[in-house]
Amino acid sequence: MPVQAIDQLRQSFRGELIQPTDAAYEAARRVYNGMIDKHPRLIARCVDVADVIAAVGFGVENGMLIAIRGGAHNGAGLGVCDDGLVIDLSRMRGIHVNPDARTVRVEPGCVFGDVDHATHAFGMAVPSGFVSSTGVGGLTLGGGIGYLSRRYGLTIDNLLSADVVLADGRFVTASSEENPDLFWALRGGGGNFGVVTSFQFRLHPVSTVQFGPTFWPIEEAGTVLTAYRDFIQKAPEHLTGFFAFLIIPPVPLFPPQLHGKSVCGIVWCSTGSAEEAEKAIKPMQSVGHPLLHHVGPAPFPAAQSTFDPLFVPGLQWYWRADNFTELSDKAIARFVEYGSKIPSLLSTIHLYPLNGAPQRVGKNETAYSFREALFSAVIVGVDPDPANVLAITEWCKSCWDAVHPFSAGGSYVNFMMEEGQERVQASYRDNYPRLAEIKKKYDPNNVFRVNQNIRPGG
Ligand SMILES: Cc1cc2nc3c(=O)[nH]c(=O)nc-3n(C[C@H](O)[C@H](O)[C@H](O)COP(=O)(O)OP(=O)(O)OC[C@H]3O[C@@H](n4cnc5c(N)ncnc54)[C@H](O)[C@@H]3O)c2cc1C
């Protein structure tokens, strides 16, 4: 690419343009997953919508591969690319809360911790994920599964509108009134349709939650997971609790006598009162022999960020996922088998319950397809040491191979590596043809293809 082209871009660009020879380049090209080592030709760190329009135009004119970077948390590293242009939104972090309308407008460089901080001051929250460091952009566009899902829906179910810079440089708003086809596609279709420069969400009255874990010995995992499967289907919607296989890390968050122990557990979060939470959780406490039960009041932002210090940027990360509409005894046995041989301290298996508000949206109402799923399960190999990549990856893949036959057959796009077109289509099922048509309309040349790609026209 000629130097003059970058000089010309600089004239209409207010943010930073970072090239491989710049001191800022090494840090700027890194993403959350330490396994990803990509070298873009140019990183355009935008400060406003005008910068985004300029960057998209520059990338298209120069025939560059374009990646969109929000919070950089994508497991497959889809916020960066080799030899192309990264449109880095991390400096666009404005948030405007409208407490009367119970809405919040969020710029695309925010992580959910930023949003929680801003909305908590008004006693409200947007349903998001289970950690606070995840980017608003990627998490929202893929769906958004978290502590508030059972009661208030996926993040996309609370998206009211989005501003988007399209591949041809046009700026449009997508909502149920304006460009409704695009709005449908954005709710689950990922970064396929353009660069979202603003998200408007509905807020819910969530301030203090009842939060904390129950842990059991790993030997009781089969009994506990079976009981949990039946329990969660009848549990009130103010309560969620995700099931985990884990090794308890040696950090002050957990009592020293449990450090290094393989366990299974449920991490609870209730938007009800302390009494309501206690009553709802009680049946699970009499299952097996809990090693620890510690649930108490916490400000929602504190609950949401509890696990952030464990899952820091730069760790080696390999994950696979599937949706489960039911969890048969045979599936439980496979999860227990692999959950009992977790390969490293931070590796884990989570089952996130989705019965409740997410299931009240039809499977064709948004691009996100698996509305009937009871659980979204994710198998996560994590380790700080690159020497352990093979061990965590092989465990993850073998576990996935073992449980996949019992799954509904498709995944959640935000919990995928680059697993091929077949897996993308399996995740969108009968929404895929409509997504492909909308892609053809808004991005016919597949300019935005560093993602779980939807091909224009199919
Ligand atoms: C530690 C950890 C915890 C997680 N927990 C949860 C969870 O609880 N719930 C959940 O649902 N998911 C969770 N995820 C998955 C997460 O949703 C995805 O990794 C998601 O892609 C992250 O979004 P990001 O903006 O941080 O990523 P990035 O890597 O910056 O972006 C990923 C992709 O999103 C698209 N994108 C991002 N921003 C924009 C934009 N403004 N416009 C257009 N496209 C855009 C692009 O296609 C890009 O390739 C977690 C991930 C990690 C690593």
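Residues numbered from 1 in each chain as written. Predicted model: local features only at pLDDT ≥ 70, side-chain atom pairs only at ≥ 80, totals over all residues.

Engineer: Can you walk me through the domain arrangement of the chain in this structure?
Structural biologist: A common way to express how large an interface is: the accessible area buried when the components associate. Under the domain assignment used here, the chain contains domain 1 (3-88), domain 2 (95-205) and domain 3 (208-415). Taking the mean C-alpha position of each, domain 2 and domain 3 sit 24 Å from one another. Between domain 2 and domain 3, the contact holds 30 residues from the first and 30 residues from the second. Secondary-structure elements contributing two or more residues to the side of domain 2 that touches domain 3 are α4 (112-120), α5 (136-142), α6 (149-152) and α7 (180-186). For the side of domain 2 that touches domain 3, the per-class residue count stands at 12 nonpolar, 13 polar and 5 charged. (Domains from an automatic or database assignment. Contact = placed C-beta atoms within 7 Å. Helix = DSSP H or I, 4+ residues; strand = E, 2+ residues; numbered from the N terminus. Nonpolar A, V, L, I, M, F, W, Y, C, P; charged D, E, K, R; others polar.)

Engineer: In this structure, what is going on with the sheet that holds strand β1 (residues 16-18)? I would like to understand it.
Structural biologist: To summarise the sheet geometry, strands pair through backbone hydrogen bonds and adopt either a parallel or an antiparallel arrangement. On the basis of which strands lie adjacent, the open sheet formed by 4 strands has the order β1-β2-β4-β3 and mixed pairing. If you trace the sheet from one side to the other, it starts and ends with β1 and β3 (66-69), each paired once. With strand direction ignored, the average angle separating the axes of adjacent strands in the sheet is 20°. Two strands pair when backbone bridges link them, and β3 and strand β4 (residues 85-88) are joined in this way by 4 bridges, in the parallel orientation. Bridge pairing in β4 links Ala 67 to Val 86. Sheet strands touched by helix α3 (residues 49-61): β2 (42-45), β3 and β4. Its angle to β4, the strand with the most contacts, is close to 170°. (Pairing = 2+ DSSP bridges. Axes fitted to C-alpha atoms, helices over the stretch in contact; angles between N-to-C directions.)

Engineer: So what exactly am I meant to see when it comes to the sheet that holds strand β6 (residues 103-106) here?
Structural biologist: Taken in spatial order, the 5 strands make up an open sheet running β5-β6-β9-β7-β8, and their pairing is antiparallel. Two strands close off the open sheet at either side, each with one partner strand: β5 (95-98) and β8 (171-175). Each neighbouring strand pair of the sheet contributes to a mean axis angle of 15°, computed without reference to strand direction. Note: β6 against strand β9 (residues 195-202), 4 bridges, orientation antiparallel. When the bridges of β9 are listed, Arg 105 appears paired with Gln 200.

Engineer: For this particular structure, what's the right way to read the nonpolar core?
Structural biologist: Soluble globular proteins tend to bury their nonpolar side chains together. The biggest cluster of nonpolar side chains holds 147 residues, and the ones touching the most others in it are Ile 87 and Trp 319. Residues within four places of Trp 319 in sequence aside, it is in contact with Gly 75, Val 378, Ile 379, Val 380, Gly 381, Cys 396, Phe 415 and Met 417. (Core = buried A, V, L, I, M, F, W, Y, C linked by C-beta atoms within 7 Å. Buried ≥ 20, exposed ≤ 12 C-beta atoms within 10 Å, placed from the backbone.)

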